[in-house]
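# Commentary on secondary and tertiary structure
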Amino acid sequence: MTQSAQGSLTGILGEGSERFQGRDVRETNITAGKVLADTVKSTLGPRGMDKMLVGEAGKVVVTNDGASILDRMDIEHPAARALVQVAEGQQNRIGDGTTSAVLLAGELLAEAADLLEDGLYPTTIETGYRLAVEHALTAIDSHTVPVDPTDTELLLSIASTAVTGKWTDEEAQALLELVVDAAQAVERNGTVERRRITRTTVPGGSPTDSKLVDGLAIDMDASSTTLAPLDIDLPRRIEDARVALVDDQLTVEKADAITHVSVENPQQLDEISDYESDVYEGQASGIADAGADVVFCQKSIDDEVLARLAEKDIIAVERTRQDEMHKLARATGAEMVMRVDELTPNHVGRAGEIERRTIAGTDLVVVGDCSTAEQRSLVFRGGTEHVIAETKRLVENCLDDVTLAVEEAAVVPGGGAIEVAAASSLRETADGIAGREQLAVSAFADALEVIPRTLATSAGLDPIDTLVELRNRHHRDEWRSGLDVVTGEMGDMVDRGVVEPASVKRHAIPSATDAATLLLGIDDMLPASSAEETAHGHDDGHDHDHGHGGLEGSGEGYPWTIGH
Ligand code: ADP
Ligand code: MG
């Protein structure tokens with residue numbers, strides 16, 4: 001979106017929205033919802049156009065992700081906010097399908113506007129829409145393809161559908177494989193155990209240099225003192241390693257050692273120094289006596305202790321993140337102790353292999369071949385923080401989709417196929433509905449087809465011709481037929497690898513409908529300050545001046561209260 005486009009959008013949805021005052025609230029809500037949906041429309045699908053947004057402090061963000069656009073826009077109009085919430089809910093609960101959910105909500109509002117004009121009551125539309133949702137969900141369930149977690153090709157398709165158009169081909173190739181490898185490695189009995197995947201960042205390089213490490217990779221950069229402060233050659237690889245986890249810092253408690261002693265002669269200084277040595281030695285041998293080869297400490301470790309541990313061939317890692325400590329505990333069966341003097345051989349866990357690796361100058365300790373639960377680590381690379389953050393976000397999106405698909409063991413064909421399938425099934429049902437709700441059910445079917453229409457447009461095809469052809473194919477029972485936007489061809493979406501978890505749709509459709517019907521149901525909006533007064537007006541049987549259905553503002557605008 002250009003800056004001026006955003007400007008006019010802000011005019012409608014943001015500060016300038018008072019200009020709707022005095023107009024019918026329902027009409028205003030519908031317009032605001034449609035405008036918002038239009039904003040993200042051109043981003044749908046892999047050929048979706050990039051939008052340029054001017055964010056805070058004049059920072060320009062270029063993205064083709066509907067979710068990040070909505071996230072960055074400053075939207076105040078309550079109706080538009082309702083749609084933003086649809087997007088947020090979809091993003092938080094599912095992690096995909098955000099743009100589609102908003103588009104559908106906008107389209108349901110547009111269809112409703114026509115139905116209102118034809119004389120349907122909002123309640124009739126709502127009833128029809130609700131019937132349609134129920135039916136559409138059933139249609140989705142009967143148009144799924146089973147997912148076998150060992151089917152690497154299918155999982156790659158799921159991941160790629162989630163992010164096509166958002167990565168360059170080269171990036172996609174490398175990262176999609178990482179995602180699928182990681183997901184398959186931690187999958188157990190149909191559950192993708194995401195907590196066994198650790199994320200670590202090694203700055204520099206490009207996203208395609210990101211790696212999947214077999215094991216739990218712990219970044220040692222947080223360790224201010226390097227492994228071998230005294231140039232002692234620590235082992236790079238330990239087999240059948242024992243792992244100790246300590247919470248507290250490994251240091252001499254200065255409070256006990258120094259502040260309580262007043263030094264009167266040099267001999268006492270020696271005594272203090274002896275005392276300190278004893279404590280350090282005690283800590284190092286405590287760890288050695290417990291049988292540990294590696295110790296991870298959540299806080300800092302004094303150089304003296306590090307040196308003594310190194311002499312004993314023990315690798316020490318300080319300032320390990322808390323989540324990593326938990327993962328280490330789970331992976332190795334180690335039990336974290338608060339203080340090193342509590343450490344016994346029973347607290348020590350095991351790993352088949354521990355290796356020190358250096359990736360682009362960053363030292364990592366990789367704890368692998370774990371007895372209790374296998375671990376994988378995604379090591380993210382990238383030239384700038386922004387690139388790394390974006391890569392991480394998209395990898396998580398892919399992982400979300402693969403996880404959903406594996407866990408519900410079902411995907412639906414994308415590229416508009418599932419929407420056309422649901423729409424045709426809805427139209428058949430609609431014919432059997434006696435009341436005026438029938439029209440709302442048909443309208444709902446039309447609204448669902450906003451997805452194939454929009455995908456066609458973004459592929460440079462005629463949306464109507466495409467839709468007609470798709471409906472035809474579905475009529476011939478080719479229910480997996482959709483539009484592959486990358487090639488611009490229609491075909492079997494499962495064969496072409498355009499597939500999405502069924503729950504992306506299962507969540508988007510009802511939540512888009514909820515938002516649309518909520519906005520349809522509102523026909524009055526009052527500034528909070530006069531709400532009470534107006535309520536009295538009703539009680540007294542007075543006719544109040546503002547009439548029914550106006551967006552009333554005293555010029556101060558929000559907060560509005562929503563009436564009915
Ligand atoms: P976003 O992730 O940008 O918020 P959605 O997930 O809501 O967008 O929608 C993406 C749409 O793009 C889905 O309908 C999906 O089926 C479709 N899609 C993805 N890859 C392709 C492809 N190669 N060909 C056609 N459609 C695709
Ligand atoms: Mg998506």
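For the structure, see preceding data.
These numbers come from a predicted model, not from an experiment. (Residues numbered from 1 in each chain as written. Chains lettered and ligands numbered in written order. Predicted model: local features only at pLDDT ≥ 70, side-chain atom pairs only at ≥ 80, totals over all residues. Heavy atoms only, no water.)

### Re the nonpolar core
With 64 residues, the main nonpolar core has Leu36, Leu83, Val102, Tyr129 and Phe444 as its most contacted residues. Among the elements that take part in this core, helix H5 (residues 98-117) stands out by supplying nine residues, more than any other. Of all hydrophobic cores here, the second largest spans 33 residues; its members include Val147, Ala182, Leu378 and Ile388. (Core = buried A, V, L, I, M, F, W, Y, C linked by side-chain atoms within 4.5 Å. Buried < 20%, exposed > 50% of the residue type's maximum accessible area, 1.4 Å probe, protein only. Helix = DSSP H or I, 4+ residues; strand = E, 2+ residues; numbered from the N terminus.)

### Let's talk about the sheet that holds strand E11 (residues 315-317)
Taking strand neighbours across the sheet as the criterion, the six strands line up as E8-E13-E12-E9-E10-E11 in an open arrangement whose pairing is mixed. Taken across any chain shown, the strands that pair with only one partner, and hence form the sheet edges, are strand E8 (216-219) and E11. Shown here is a sheet whose adjacent strand axes are inclined to one another by a mean of 35 degrees, direction ignored. Judged from the six bridges that link them, strand E9 (residues 237-246) and strand E12 (residues 349-359) form a sheet pairing that is antiparallel. Paired with isoleucine 238 across the two strands is isoleucine 354, which belongs to E12. Seen against the sheet, helix H12 (residues 322-332) touches E8, E9, strand E10 (294-297), E12 and strand E13 (362-370) and runs at an angle of roughly 150 degrees to E8. (Pairing = 2+ DSSP bridges. Axes fitted to C-alpha atoms, helices over the stretch in contact; angles between N-to-C directions. Contact = heavy atoms within 4.5 Å.)

### Here we look at the packing of helix H6 (residues 122-141) against helix H15 (residues 437-448)
Their axes nearest at 8 Å, the elements H6 and H15 cross at an angle of 55 degrees. Between H6 and H15, the crossing angle belongs to the class labelled oblique. Between H6 and H15 lies a crossing whose hand is right-handed. Counting all contacts with H6, which are made through Thr124, Ile125, Thr127, Gly128, Tyr129, Leu131, Ala132 and Val133, the residues of H15 involved are Glu437, Ala440, Val441 and Phe444. When grouped by side-chain class, the residues that make up the contact of H6 with H15 number eight nonpolar, three polar and one charged. (Parallel < 35°, antiparallel > 145°, perpendicular 65-115°, else oblique. Left-handed = near helix turned anticlockwise from the far one by under 90°. Nonpolar A, V, L, I, M, F, W, Y, C, P; charged D, E, K, R; others polar.)

### Considering the site of ligand 1
Close to ligand 1 lie 22 residues, the nearest being Thr99, Ser100, Leu483, Val485 and Glu500. Considered on its own, ligand 1 offers 580 Å² of accessible surface; in the complex 95% of this is hidden by protein. Put simply, the parts of the chain that give the shell around ligand 1 at least two residues each are H5, helix H16 (450-458) and strand E16 (481-484). With three residues, the single largest contributor to the shell around ligand 1 is H5. (Near = heavy atom within 4 Å. Areas by Shrake-Rupley, 256 points an atom, 1.4 Å probe, with all protein chains shown as cover.)

### Re the side chain of threonine 332
With respect to the helices, strands and loops of the structure, threonine 332 is situated in helix H12. Only 2.8 Å separates the side chain of threonine 332 from the backbone oxygen of leucine 328, close enough to count as a polar contact. At a separation of 3.1 Å, a polar atom in the side chain of threonine 332 contacts the main-chain amide nitrogen of alanine 334. (Polar contact = N/O pair within 3.5 Å; in protein donor to acceptor, adjacent residues only side chain to side chain.)

### Considerations on the pairing of E9
As paired elements, E9 and E10 share four bridges and run parallel to each other. Along E10, the bridge assignment pairs valine 243 with valine 294.

### Describing unusual backbone geometry
Among all residues save glycine, negative phi is the norm, and among peptide bonds the norm is trans. Even without being glycine, aspartate 313 reaches a positive phi, approximately 65 degrees. You can see aspartate 313 is positioned in the loop between helix H11 (303-311) and E11. Take aspartate 313: its relative accessible area is 42%, and that puts it in the partly exposed class. The phi dihedral of aspartate 477 falls on the positive side, at around 70 degrees, and the residue is not glycine. Inspection of the secondary structure puts aspartate 477 in the loop between helix H17 (463-475) and E16. A residue is classified by how much of its surface remains accessible, and aspartate 477, at 63% relative accessible area, is exposed.

### Focus on H5
Here H5 contains 20 residues, and its C-alpha end-to-end distance of 29 Å stays within 8% of the 28 Å for a straight helix at 1.5 Å per residue. Two residues or fewer after H5 comes glycine 119, characterised by a positive phi angle close to 100 degrees. (Expected span 1.5 Å × (residues − 1).)

### With respect to the packing of aromatic side chains
Summed over the entire model, instances satisfying the criterion amount to one aromatic pair. Judged by centre distance (5.6 Å) and plane angle (75 degrees), the ring pair of tyrosine 129 and phenylalanine 444 falls under edge-to-face. With tyrosine 129 in helix H6 and phenylalanine 444 in helix H15, the pair connects residues that are 315 residues apart, well separated along the chain. The exposure class of tyrosine 129 is buried, given its relative accessible area of 0%. (Phe/Tyr/Trp six-rings, centres within 6.5 Å; stacked < 30°, edge-to-face > 60°.)

### What about a negative patch on the surface?
Together, Asp270, Glu271, Asp274 and Asp278 give the surface a local cluster of negative charge. By the secondary structure assignment, aspartate 278 is in helix H10 (residues 266-289). (Patch = residues over 30% accessible without salt bridge, like charges linked within 9 Å, V, L, I, M, F, W, Y side chains within 5 Å. Salt bridge = Lys/Arg side-chain N within 4 Å of Asp/Glu carboxyl O. Lys, Arg positive; Asp, Glu negative; His and termini not counted. Charge placed at Lys NZ, Arg CZ, Asp CG, Glu CD.)

### Looking at the environment of cysteine 370
Inspection of the secondary structure puts cysteine 370 in strand E13. Given a relative accessible area of 8%, cysteine 370 falls into the buried group. Measuring from C-alpha to C-alpha, the distance between cysteine 370 and glycine 215 comes to 7.6 Å, with 155 residues separating the pair along the chain. Not counting residues within four places of it along the chain, the set of residues in contact with cysteine 370 comprises Ala331 and Gln375.

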